[in-house]
Amino acid sequence: MSATTAPRSVSVRPALPADEEALGELDRSTWSTLHAVVPRPRPPYDPFFDERHRPEDFLVAEAATEAGAESSAGSGGTSVAGYIRLVPSTPLACNAHVRQIQGLAVAAWARGAGVGRTLLRAAFAEARRQGAERITLRVLGHNTPARALYASEGFAVEGVLSGEFFLHGRYVDDVLMGRSLAP
């Protein structure tokens with residue numbers, strides 16, 4: 001990534017219904033066998049937001065970019081650089097102290113600039129604001145970059161479902177990770 005494509009600054013905000021098109025495009029453009037357990041999306045595309053994926057479940061990273069950036073603001077400006085989905089782990093009252101990350105995506109042009117880390121930290125703050133004391137996630141065993149990021153932000157492996165998925169001709173582990181949100 002050259003200096004002209006790197007984000008200059010990153011901010012995080014709650015998603016808005018108007019973000020649907022940008023988040024849908026980001027989601028499709030970041031699809032990868034490294035993390036996906038569903039087939040590659042094909043047109044006609046399902047809506048990004050639905051009854052299970054509401055705007056209020058997402059935080060959006062916006063990046064100020066230099067002119068000539070490979071973002072949707074190609075002439076410079078602010079573009080959606082990523083998102084993270086944060087939801088209650090279960091609907092049970094006895095589990096209300098836990099939030100789960102169920103999706104993290106960073107645009108190719110914004111990778112390596114701290115966008116994923118910024119989104120994680122924003123999710124920690126939002127989970128605390130919601131009263132959570134723990135945060136969890138699931139990641140495919142072969143997704144080494146994501147696992148390294150999560151570990152660097154305090155997540156520990158709390159379980160492994162060996163061979164949970166059969167993807168592209170091989171069995172893949174589902175790794176359960178979690179961390180406390182205590183200060």
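Just so we're clear, the structure is a prediction, and the values are computed from it rather than from any experiment.

1. Some words on the side chain of Arg-85
Mapped onto the elements of the fold, Arg-85 is located in strand β3 (residues 77-88). One buried charged residue, Arg-85, forms no salt bridge at all, with the nearest opposite charge on Asp-57 at 4.3 Å. Ignoring sequence-local partners within four residues, the contact set of Arg-85 consists of Arg-52, His-53, Asp-57, Phe-58, Gln-100, Ile-101, Gln-102 and Gly-103.

2. Some remarks on helix α1 (residues 20-29)
Among all positions in α1, only Leu-23, Gly-24 and Leu-26 are buried. Buried residues along α1 cover an arc of 160° about the axis, so they all sit on one side. On the buried face of α1, the contacting elements are β2 (58-65), β3 and β4 (98-106).

3. Considerations on the pattern of salt bridges
Tallied over the full model, the rule gives ten salt bridges. We note a salt bridge from Arg-13 to Glu-62, for which the minimum N-O separation is 3.1 Å. Separated by 49 residues along the polypeptide, Arg-13 in strand β1 (residues 7-14) and Glu-62 in strand β2 bring together distant segments of the chain. The residue Arg-117 makes a salt bridge to Glu-153 at a minimum N-O spacing of 2.6 Å. Within this pair, whereas Arg-117 is found in helix α2 (residues 115-129), its partner Glu-153 is found in the loop between α3 (144-152) and β6 (156-167), the two being separated by 36 residues in sequence. On the basis of relative accessibility, which here comes to 30%, the residue Arg-117 falls in the partly exposed class. Residues joined in a network through salt bridges with shared partners are Arg-13, Asp-19 and Glu-62.

4. Examining α3
Those residues of α3 that sit buried are Ala-146, Leu-149 and Tyr-150. Considered in projection along α3, the buried side chains sweep an arc of 95° and stay on one side of the axis. Tucked into the core, α3 has its buried residues touching β4, α2, β5 (134-140) and β7 (170-180). The opening residue of α3, the one whose side-chain oxygen lies 3.3 Å from the backbone nitrogen of Ala-146, is Asn-143. Where α3 ends, the next residue or the one after it, Gly-154, has phi of about 95°, a positive value.

5. Looking at the environment of Ser-152
Counting through the fold element by element, Ser-152 comes out in helix α3. Ser-152 sits in the partly exposed class, given a relative accessible area of 44%. For the pair Ser-152 and Arg-117, spaced 35 residues apart in sequence, the C-alpha to C-alpha distance is 9.2 Å. Within the structure, Ser-152 has its side chain in polar contact with the backbone oxygen of Leu-149 (distance 2.7 Å).

6. Topic: the packing of aromatic side chains
Applying the stated rule across the entire model yields eight aromatic pairs. When the ring of Phe-48 is compared with that of Phe-49, the centres are 5.3 Å apart and the planes differ by 75°; the resulting orientation is edge-to-face. Take Phe-48: its relative accessible area is 12%, and that puts it in the buried class. Taken together, the ring pairs in this structure connect Phe-48, Phe-49, Phe-58 and Tyr-83 into an aromatic cluster. Sitting over the ring of Tyr-45, Arg-28 keeps its end group 3.9 Å from the ring centre. Looking at Arg-179, its charged tip hangs above the ring of Phe-124, at a distance of 4.2 Å from the centre.

Calculation criteria
- Residues numbered from 1 in each chain as written.
- Predicted model: local features only at pLDDT ≥ 70, side-chain atom pairs only at ≥ 80, totals over all residues.
- Heavy atoms only, no water.
- Helix = DSSP H or I, 4+ residues; strand = E, 2+ residues; numbered from the N terminus.
- Buried < 20%, exposed > 50% of the residue type's maximum accessible area, 1.4 Å probe, protein only.
- Lys, Arg positive; Asp, Glu negative; His and termini not counted.
- Salt bridge = Lys/Arg side-chain N within 4 Å of Asp/Glu carboxyl O.
- Contact = heavy atoms within 4.5 Å.
- Arc of directions from axis to C-beta.
- Polar contact = N/O pair within 3.5 Å; in protein donor to acceptor, adjacent residues only side chain to side chain.
- Phe/Tyr/Trp six-rings, centres within 6.5 Å; stacked < 30°, edge-to-face > 60°.
- Lys NZ or Arg CZ within 6 Å of the ring centre and 35° of its normal.

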